[in-house]
Amino acid sequence: YTLKLRVAAVFILLTTSTIGILAPIFLRNFKKVASDGLVFTIFKQFGTGVIISTVFIHLLMHAVLQFLNPCVGEMEYEGTVMAIAMGGAFFSFLVDYAGVQYLRRYRKHQDSRPQNESHDRQRMDEEKLSVFIMEGGIIFHSILVGVLLAVTPDTELPTIFAVVLIHQLFEGIALGARIAPLENVANRKKILMAIAFSVTAPLGMAIGIGVRKSFNSNDKSTIVTLGTMDALSAGVLAWVAFVELWSKDWLHGEMRDAPAKKQIVGMISLVLGIAIMSFLGKWA
């Protein structure tokens, strides 16, 4: 276990995560690249594909493998992983639903603007809420990734680290592409949201480095905790991926009636995001 490698990895991971999430924000808010143009269509749909693959290949599969570990013993309830993931999805639904109900029932009593302006304001607030839920799920997952990377043996570190770097870069792009177009959100707040994502995986690594001497990957409680966190993250991001991203864009949003060129570019980007992240699942 080479400590210097881990310390260097913390800063490399921080830099990569920051580049990934700030790139779309910089292009949209400082270079004024249109949020409904082809560039952002690629960013958004590629990012959606990344999140979908992360749910099934990187989270659910890992959670299943954790609970199948012989050190855990025989599971009394075979559907444990899926039940936990379902709970994560249901929790996300409750947060989303409660937020929307608050915005629609209480904001309208306090809003004296014309009805069309009020409706646009509620729509923008709902978009912000969905992005917050998405960031919460990704941050939860990134901390776990950082911890596991920090306790990875030297022999496996180069491969795992390379995959995690690409993973964080793509997740950063996925999240940044949704933060960047948010209306009525100051650039300062967008930067703060970006920083919150950028520091989580390095923070997880720092935690992992701190507990490395006491960390036992064969301990039952450790395995169950990691598996539970993976499954919960999968549930949260599943809700975000299917409801807030995939369905909202293609069935009810900008991609539904978009020109054929934009739909083709978006579909190719979506498939590429799914395919590349699924390919990376061979190593991590």
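Everything numeric in this text was worked out from a predicted model, so none of it was measured. (Residues numbered from 1 in each chain as written. Predicted model: local features only at pLDDT ≥ 70, side-chain atom pairs only at ≥ 80, totals over all residues. Heavy atoms only, no water.)

**Quick look at the overall build of the protein chain**
Okay, so step 1: Assigned secondary structure in the protein chain consists of 10 helices and 0 strands.
Okay, so step 2: Secondary structure elements in the protein chain, listed N-terminal to C-terminal, are α-α-α-α-α-α-α-α-α-α.
Okay, so step 3: Computed over C-alpha atoms, the radius of gyration of the protein chain comes to 20 Å, within 12% of the 19 Å expected from 2.2 N^0.38 for 284 residues, which places it in the range of a compact globule.
Okay, so step 4: Across its three principal axes, the protein chain shows a C-alpha extent of roughly 60 × 45 × 35 Å.
Okay, so step 5: Buried residues in the protein chain amount to 47% of all 284 residues.
Okay, so step 6: For the protein chain, restricting intrachain contacts to residue pairs at least 6 apart in sequence, the fraction spanning at least 24 positions comes to 83%.
Okay, so step 7: If the 26 positive side-chain charges of the protein chain are averaged to one point and the 22 negative ones to another, these points end up 8 Å apart. (Helix = DSSP H or I, 4+ residues; strand = E, 2+ residues; numbered from the N terminus. Rg over C-alpha atoms; globule rule 2.2 N^0.38 Å. Buried < 20%, exposed > 50% of the residue type's maximum accessible area, 1.4 Å probe, protein only. Contact = heavy atoms within 4.5 Å. Lys, Arg positive; Asp, Glu negative; His and termini not counted. Charge placed at Lys NZ, Arg CZ, Asp CG, Glu CD.)

**Digging into the UniProt feature "transmembrane region" (unreviewed entry) in the protein chain**
Okay, so step 1: Mapped onto this structure's residue numbering, the UniProt feature "transmembrane region" (unreviewed entry) falls at residues 6-27, 39-61, 81-103, 129-151, 157-179, 191-211, 223-243 and 264-281.
Okay, so step 2: Strand forms 0% of residues 223-243 and helix 100%; the C-alpha atoms that close the span are 30 Å apart.
Okay, so step 3: Structurally, residues 264-281 comprises 94% helix and 0% strand, and the distance from its first C-alpha atom to its last is 26 Å. (UniProt positions renumbered as here; feature names shortened; annotations may be inferred.)

**Re a nonpolar patch on the surface**
Okay, so step 1: Taken together, the side chains of Phe-56, Ile-57, Phe-242 and Val-243 define a hydrophobic patch exposed on the protein surface, amounting to about 300 Å² of accessible area.
Okay, so step 2: Contributing elements (two or more residues each) for the nonpolar patch: α2 (38-67) and α9 (220-250).
Okay, so step 3: Among the secondary structure elements, Phe-242 is positioned in helix α9. (Patch = residues over 30% accessible without salt bridge, like charges linked within 9 Å, V, L, I, M, F, W, Y side chains within 5 Å. Areas by Shrake-Rupley, 256 points an atom, 1.4 Å probe, with all protein chains shown as cover. Salt bridge = Lys/Arg side-chain N within 4 Å of Asp/Glu carboxyl O.)

**A few points about the pattern of salt bridges**
Okay, so step 1: By the definition in use, this model includes 8 salt bridges.
Okay, so step 2: A salt bridge links Arg-6 to Asp-154; the nearest nitrogen and oxygen atoms lie 2.4 Å apart. In this pair, Arg-6 is assigned in helix α1 (residues 3-29) and Asp-154 in the loop between α5 (115-150) and α6 (157-179), connecting sequence segments 148 residues apart.
Okay, so step 3: Arg-6 gets classed as buried once you look at its relative accessible area, which sits at 0%.
Okay, so step 4: According to the relative accessible area criterion, Asp-154 is partly exposed, its value standing at 26%.
Okay, so step 5: Overlapping salt bridges bring together Lys-44, Glu-254 and Lys-262 as one network.

**As for helix α3 (residues 80-105)**
Residues that lie three or four places apart on an α-helix share one face, since the helix turns once every 3.6 residues.
Okay, so step 1: Counted at 1.5 Å a residue, the expected span for α3 with its 26 residues is 38 Å, and the 37 Å between its end C-alpha atoms agrees.
Okay, so step 2: Along α3, the residues that are buried comprise Thr-80, Val-81, Ile-84, Ala-85, Gly-88, Ser-92, Asp-96, Gly-99, Val-100 and Leu-103. (Expected span 1.5 Å × (residues − 1).)

**Considerations on the nonpolar core**
Okay, so step 1: Counting 39 residues, the largest nonpolar core has Ile-51, Met-134, Ile-138, Leu-175 and Ile-179 as the members making the most contacts within it.
Okay, so step 2: Every element with two or more residues in this core is listed here: α1, α2, α3, α5, α6, α7 (187-198) and α9.
Okay, so step 3: No other element matches α9, which puts 9 residues into this core.
Okay, so step 4: Non-local contacts of Ile-138, meaning those with residues more than four positions away in its chain, are made with Ile-51, Glu-171, Leu-175, Phe-197 and Leu-237.
Okay, so step 5: Judged by nonpolar contacts, the second largest core, of 24 residues, contains Ile-160, Phe-161, Val-164 and Ala-284. (Core = buried A, V, L, I, M, F, W, Y, C linked by side-chain atoms within 4.5 Å.)

**Overview of unusual backbone geometry**
Peptide bonds are, in most cases, trans, and in most cases residues other than glycine have a negative phi.
Okay, so step 1: In the Ramachandran plot, Lys-32 falls in the positive-phi region, its phi being about 60 degrees despite a non-glycine side chain.
Okay, so step 2: Examined against the element boundaries, Lys-32 turns out to sit in the loop between α1 and α2.
Okay, so step 3: Positioned with a positive phi, Asn-184 is a non-glycine residue whose angle comes to about 60 degrees.

**Concerning the environment of Arg-28**
Okay, so step 1: Its place among the elements puts Arg-28 in helix α1.
Okay, so step 2: For the pair Arg-28 and Val-39, spaced 11 residues apart in sequence, the C-alpha separation works out to 9.9 Å.
Okay, so step 3: Ignoring anything within four residues of it in the chain, the contact list for Arg-28 reads Val-33, Ser-35, Phe-40, Ala-180 and Pro-181.

**Some remarks on the environment of Ile-21**
Okay, so step 1: With respect to the secondary-structure elements, Ile-21 resides in helix α1.
Okay, so step 2: When its relative accessible area of 0% is taken as the criterion, Ile-21 is described as buried.
Okay, so step 3: For the pair Ile-21 and Ser-130, spaced 109 residues apart in sequence, the C-alpha to C-alpha distance is 17 Å.
Okay, so step 4: If we ignore the near neighbours within four places in the chain, the residues touching Ile-21 are Gly-172, Ile-173, Leu-175, Gly-176, Ile-179, Met-193, Ala-194, Phe-197 and Ser-198.

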